[in-house]
Amino acid sequence: MAESKPGFTFLGKLISFALIGGLVYFGYGMIQKGGVKLPAMPGTAEEPAAEVSTLAQEVPTLDAAGTYAVPADSTVVIELSEYAGYAGLIAANGGLQPSAGSLFTKYCGCKVKLTVSEEESWSALNAGRLAGSATTADVLAVYGRQFRVKVPAQIGFSRGADGILVTRDIKKVNDLRGKVVAAAQFTETDFFIRYLAQEAGLPINPLGSLDDSPSGDALNLVYTEDGFAAGDLFLSELNGKGRLAGAVTWEPKTTEVLQGSQGKARLLTSNRNLLIVADVLVLNEGFAAAHPQMVEGIVRALLEGNKLVRDNPESQLSVVAQAFKWTPDQARAELQKVHLSNFPENLAFFSGEIDAAGSFGGIYQSAVLAYGSQLIPNPADASRFADGTALAALKAAGLFADQKVAIAPIKSASGGTVETDPLLSKDIRFYFKPNSAELDLANSENVANLEATKQLLAVSPGSTLLLRGHVDNSMVEEFRRQGGEAFVRQQGLKAMGLSRDRAAEIQRQLIRRYNVDPKRLEIVGRGWEEPAGPDPDKNRRVEVQWFTLE
């Protein structure tokens, strides 16, 4: 047995271990989205083993609607989560606590108390126990008509906080057909994977347990308590039974899982250049109706706070770091994962006129479609929530006139699109006149499909599309009978040309109708070389491959 070092007694070892253990215990904490605390140590009481949560068959019922009553001291309570995307609100307030010198006091005549919680306090907001909160646009679609809130402003876009991790054999979203992925139900992680599956033509099949039999024709989802637990479950499965093909989580759990996977996992995509996770300010509906001037002041202060952080983030590191108990370096790193929206970006977000980002209506409707009629049987319209009164008043006053829309792609060190691996492929059936490349624009499905194709570019700055034209291969044997292999080759060349011309027509329409940059569209004709199956109708198609920056 090895000897102890001189002077290092058994009692000394015991005391040292206790001290080290105590430091480690208190140095670890629960991690939340956008936060930078270290995770609880595996096996401690703080972090039970990652497990699948009970599958909710319907959206939770919120407490009955009530109106937030402004207290006598005019202090309004707005709840946030620990996330750098809310830095503008903190900068406007000079911290979390109410302040007579804050921008909120200056513009709305009220003081604001910002609280930080990771609870989804939608019942408290609905019932009037909170004046406001912040969430993502997709959540509004989930809770629908029962959610009595108004959205007067966009706060920003998450740009890299959320990510989809997969096993290394998964190259694109389509490869998840028949696989099982972990996420957190009714959160942006759920919406994120559902949105991409919808674009790839994959139905969703929720499972109640990892032991349930997955559907071979769908993307199968299991749910955990939150996004971090989804990452933990994926990592444990990578090193165990291997029942998961992926997980949707957020930083810093994304990096932690990648490092812990020993090369078994890869990042399929993050939302760094997928602008579908949009943070919005939500206010209690009764409060907003009773205090329109306060709402206008709150929105103005938010936009001024966003400007402070956008123009000079270094000047706001201290107040943001103090609010979330981060170091300035941690605050600086987290701010790089968000885009704080300015005034013209807000106008464009709600009007849908911005070309380089998702819109409120588009994201909202995408969430309705992604969750489906089983979970959202009677969806509310997005207009039920969006309230542009405050933004209109600020515009009429001529404020923020010098600001410009500035949402650009974020390129990695390597730059460029991921040319070899599209994020997803989708087959779109465009209706052409027989043996022609002329698109029938009288057909409403053609117009809808053009809009859906354009939308892929709109929600992902810097992304490109490869339009792959295809034609029906059902006549090949007839051509062979008529003239042998020489005639088949001759007709094959014509089919190749026709398929390319059809892809070129889609390209032309996207440029003409939506002013899409031609550099973002490539075409190729594949003739009848890549049939989708025996159905001739399905083979007369244009396949859209979506390449995103990562």
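Preceding this section is the structure that the text describes.
Since the structure is predicted, the reported quantities are computational estimates derived from the model, not experimental observations. (Residues numbered from 1 in each chain as written. Predicted model: local features only at pLDDT ≥ 70, side-chain atom pairs only at ≥ 80, totals over all residues. Heavy atoms only, no water.)

Asker: Looking at this structure, I do not really get the pairing of strand S8 (residues 219-224). What am I missing?
Answerer: Regular strands show a simple pattern: their side chains alternate between the two faces of the sheet. A large share of S8 lies buried, amounting to 6 of its 6 residues. Of the two faces of S8, both are covered, the one formed by Leu219, Leu221 and Tyr223 as well as the one formed by Asn220, Val222 and Thr224. Examined bridge by bridge, strand S7 (residues 204-206) and S8 share 3 bridges and lie parallel to one another. Paired with Asn205 across the bridge in S8 is Asn220. (Buried < 20%, exposed > 50% of the residue type's maximum accessible area, 1.4 Å probe, protein only. Helix = DSSP H or I, 4+ residues; strand = E, 2+ residues; numbered from the N terminus. Pairing = 2+ DSSP bridges.)

Asker: What is the right way to look at the packing of helix H13 (residues 343-351) against helix H15 (residues 389-396) in this model?
Answerer: Running from amino to carboxyl end, H13 crosses H15 at an angle of 135 degrees, the nearest separation of the two axes being 11 Å. With respect to their mutual orientation, H13 and H15 come out oblique. Handedness of the crossing formed by H13 with H15: left-handed. Listed contacts from H15 to Phe343, Asn346, Leu347 and Phe350 of H13 are Leu391, Leu394 and Lys395. Looking at side-chain class alone, the contact of H13 with H15 contains 5 nonpolar, 1 polar and 1 charged residues. (Axes fitted to C-alpha atoms, helices over the stretch in contact; angles between N-to-C directions. Parallel < 35°, antiparallel > 145°, perpendicular 65-115°, else oblique. Left-handed = near helix turned anticlockwise from the far one by under 90°. Contact = heavy atoms within 4.5 Å. Nonpolar A, V, L, I, M, F, W, Y, C, P; charged D, E, K, R; others polar.)

Asker: Would you take a moment to explain unusual backbone geometry for this structure?
Answerer: Excluding glycine, residues mostly have negative phi values, and the peptide bonds linking residues are mostly trans. In this structure, Pro252 follows Glu251 across a cis peptide bond, with omega equal to 5 degrees. Its place among the elements puts Pro252 in the loop between strand S9 (246-250) and helix H8 (253-260). The phi torsion at Lys325 lies on the positive side, around 60 degrees, for a residue other than glycine. Relative to the helices and strands, Lys325 resides in the loop between helix H11 (313-324) and helix H12 (328-335). Note on Lys325: relative accessible area 70%, which makes it exposed.

Asker: Is there a simple way to think about the nonpolar core in this case?
Answerer: For soluble globular proteins, nonpolar side chains are generally found buried alongside one another. Core analysis: the largest hydrophobic core is formed by 134 residues, its most contacted members being Leu140, Phe147, Leu196, Phe287, Phe385, Ile506 and Trp546. Other than its neighbours up to four places away in sequence, Trp546 contacts Leu196, Leu274, Pro422, Leu423, Leu424, Leu456, Val459, Ser460, Ser463, Thr464 and Leu465. Counting 15 residues, the second largest nonpolar core, distinct from the first, contains Leu165, Ala182, Leu238 and Leu244. (Core = buried A, V, L, I, M, F, W, Y, C linked by side-chain atoms within 4.5 Å.)

Asker: Is there a simple way to think about the sheet that holds S9 in this case?
Answerer: The strands that make up a sheet are held in pairs by hydrogen bonds between backbone atoms, and each pair lies either parallel or antiparallel. One open sheet holds the 6 strands; their spatial order is S7-S8-S6-S9-S5-S10, and the pairing between them is mixed. Each of the sheet's edge strands pairs with one partner strand only, and the pair in question is S7 and strand S10 (265-270). Direction aside, the axes of adjacent strands within the sheet are offset by 30 degrees on average. Taken together, the 5 bridges between strand S5 (residues 162-167) and S10 define a ladder with antiparallel strand orientation. What sits directly across from Val166, in S10, is Arg266.

Asker: Quick question: what am I supposed to make of the state of the cysteines here?
Answerer: Two cysteines whose sulfur atoms are joined by a covalent bond form what is called a disulfide. This model, assessed by the stated rule, comprises 1 disulfide. One disulfide bridge connects Cys108 with Cys110, the sulfur atoms lying 2.4 Å from each other. The sign of the -85 degrees torsion about the S-S bond sets the Cys108-Cys110 disulfide as left-handed. By relative accessible area, which is 1% here, Cys110 ends up buried. (Disulfide = S-S within 2.5 Å.)

Asker: Any chance you could explain the side chain of Glu82 here in plain terms?
Answerer: Mapped onto the fold, Glu82 is located in the loop between strand S1 (75-80) and helix H2 (87-93). In this structure the side chain of Glu82 is engaged in a polar contact, spanning 2.8 Å, whose partner is the side chain of Trp326. (Polar contact = N/O pair within 3.5 Å; in protein donor to acceptor, adjacent residues only side chain to side chain.)

Asker: In this structure, what is going on with H12? I would like to understand it.
Answerer: A turn of α-helix holds 3.6 residues, and therefore any two residues three or four places apart point the same way. Every buried residue of H12 is accounted for by Ala331, Glu334 and Leu335. Viewed end-on, H12 has its buried residues packed into an arc of 100 degrees, placing them on one side of the element. (Arc of directions from axis to C-beta.)

Asker: Teacher, can you tell me more about a negative patch on the surface here?
Answerer: Together, Glu51, Glu118, Glu119, Glu120 and Glu225 make up a negatively charged patch on the protein surface. You can see Glu118 is positioned in the loop between strand S2 (111-116) and helix H4 (122-127). Residue classification places Glu118 among the partly exposed residues on the basis of a relative accessible area of 32%. (Patch = residues over 30% accessible without salt bridge, like charges linked within 9 Å, V, L, I, M, F, W, Y side chains within 5 Å. Areas by Shrake-Rupley, 256 points an atom, 1.4 Å probe, with all protein chains shown as cover. Salt bridge = Lys/Arg side-chain N within 4 Å of Asp/Glu carboxyl O. Lys, Arg positive; Asp, Glu negative; His and termini not counted. Charge placed at Lys NZ, Arg CZ, Asp CG, Glu CD.)

Asker: I'm lost on the packing of H11 against H12 in this one. Help?
Answerer: For any two helices packed against each other, the geometry is given by the interaxial angle and the distance between the axes. Where H11 contacts H12, the two axes come as close as 9 Å, and the packing angle between them is 115 degrees. Relative to H12, the element H11 lies roughly perpendicular. For the element pair H11 and H12, the recorded crossing hand is right-handed. Residues Pro313, Glu314, Leu317, Val320 and Ala321 of H11 form the contact with H12, whose own contacting residues are Pro328, Ala331, Arg332 and Leu335. Broken down by class, the residue content of the contact of H11 with H12 amounts to 7 nonpolar, no polar and 2 charged.

Purely geometric numbers; function is a separate question.
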